[in-house]
Amino acid sequence: MANQSTQLTDVFYALADPTRRAIVGVLGRGPATVSALAAPFEMALPSFMKHLSVLERSGVIRSSKLGRVRTCELRPKALSQAERWITEQRAVWEARTDRMATLAEKLHQENPP
């Protein structure tokens, strides 16, 4: 369980940065080379590579190198883990909200204005 928690933490850390979220958005349309991914960003390539490294360490993306060209692709499994956690949390909070609404309605009926 602790390992799964660490992986989830790594995924959320990776997605916390807007540059990395933009990269994930591009890769959601299919694999892309590092140079194609880096083109829209106004930063030095070494800085951009650090973003890719964070995404790769978290398991959100993977990269492969063929000759001098490195290509990145999305790994949906890591995002599925985060989605599952968010869905579980949503269910917990919706149940709490429903209980709160029921209690408020009951109190309102017991003590009319």
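For the structure itself, look to the data block above.
Residues numbered from 1 in each chain as written. Predicted model: local features only at pLDDT ≥ 70, side-chain atom pairs only at ≥ 80, totals over all residues. Heavy atoms only, no water.

Peer 1: How would you summarise helix 2 (residues 18-27) if you had to cite specific residues and measurements?
Peer 2: For helix 2, the set of buried residues is Thr-19, Arg-20, Ile-23, Val-24 and Leu-27. Projection of helix 2 onto a plane perpendicular to its axis shows the buried side chains occupying an angular sector of 140°, all on one side. Where helix 2 begins, the side chain of Asp-17 points an oxygen toward the backbone nitrogen of Thr-19, at a separation of 2.8 Å. (Buried < 20%, exposed > 50% of the residue type's maximum accessible area, 1.4 Å probe, protein only. Helix = DSSP H or I, 4+ residues; strand = E, 2+ residues; numbered from the N terminus. Arc of directions from axis to C-beta. Polar contact = N/O pair within 3.5 Å; in protein donor to acceptor, adjacent residues only side chain to side chain.)

Peer 1: Which residues make up a nonpolar patch on the surface, and what values do they have?
Peer 2: A cluster of nonpolar side chains, contributed by Phe-12, Trp-85 and Ile-86, occupies part of the molecular surface with about 250 Å² of accessible area. In this fold, Phe-12 is placed in helix 1 (residues 2-15). (Patch = residues over 30% accessible without salt bridge, like charges linked within 9 Å, V, L, I, M, F, W, Y side chains within 5 Å. Areas by Shrake-Rupley, 256 points an atom, 1.4 Å probe, with all protein chains shown as cover. Salt bridge = Lys/Arg side-chain N within 4 Å of Asp/Glu carboxyl O.)

Peer 1: A description of the pairing of strand 3 (residues 69-74) should follow, citing residues and the corresponding values.
Peer 2: Two elements, strand 1 (residues 32-33) and strand 3, share 2 bridges in a ladder whose sense is antiparallel. Paired with Thr-33 across the two strands is Thr-71, which belongs to strand 3. The sheet contact formed by strand 2 (residues 61-66) and strand 3 spans 6 bridges and is antiparallel. Bridge pairing in strand 3 places Ile-61 opposite Leu-74. With antiparallel pairing between neighbouring strands as the criterion, strand 2 and strand 3 make up a hairpin whose turn holds 2 residues, including Gly-67 at a positive phi of roughly 65°. (Pairing = 2+ DSSP bridges.)

Peer 1: Mind laying out the sheet that holds strand 1, listing which residues take part and the relevant values?
Peer 2: The 3 strands are arranged 1-3-2 in an open sheet whose pairing can be described as antiparallel. Because the sheet does not close on itself, it has two edges, and the strands there are strand 1 and strand 2. In the packing of helix 4 (residues 45-58) onto the sheet, the strands contacted are strand 2 and strand 3, and the crossing angle to strand 2 comes to about 115°. (Contact = heavy atoms within 4.5 Å. Axes fitted to C-alpha atoms, helices over the stretch in contact; angles between N-to-C directions.)

Peer 1: Can you break down the packing of helix 2 against helix 4 residue by residue, with the values?
Peer 2: Two numbers describe a pair of packed helices, the interaxial angle and the distance between the axes. It is the contact of helix 2 with helix 4, at a shortest axis distance of 10 Å, that shows an interaxial angle of 70°. With respect to each other, helix 2 and helix 4 are oriented roughly perpendicular. On helix 4, the residues touching Thr-19, Arg-20, Ile-23 and Val-24 of helix 2 are Phe-48, His-51, Leu-52, Val-54 and Leu-55. Of the residues in the contact of helix 2 with helix 4, the class split is 6 nonpolar, 2 polar and 1 charged. (Parallel < 35°, antiparallel > 145°, perpendicular 65-115°, else oblique. Nonpolar A, V, L, I, M, F, W, Y, C, P; charged D, E, K, R; others polar.)

Peer 1: Account for the side chain of His-51, with residues named and values stated.
Peer 2: Following the sequence through the fold, His-51 ends up in helix 4. For His-51, the side chain forms a polar contact with the side chain of Arg-20, separated by 3.1 Å. Contact partners of His-51, with chain neighbours within four places excluded, come to Asp-17, Thr-19, Arg-20, Ile-23 and Met-43.

Peer 1: Outline the environment of Glu-73, listing residues and values.
Peer 2: Inspection of the secondary structure assignment puts Glu-73 in strand 3. A relative accessible area of 30% means that Glu-73 is categorised as partly exposed. Taking C-alpha positions, Glu-73 is 18 Å from Phe-41, a pair spaced 32 residues apart along the chain. Leave out the neighbours within four places in its chain, and Glu-73 touches Leu-27, Pro-31, Val-60, Ile-61 and Arg-62.

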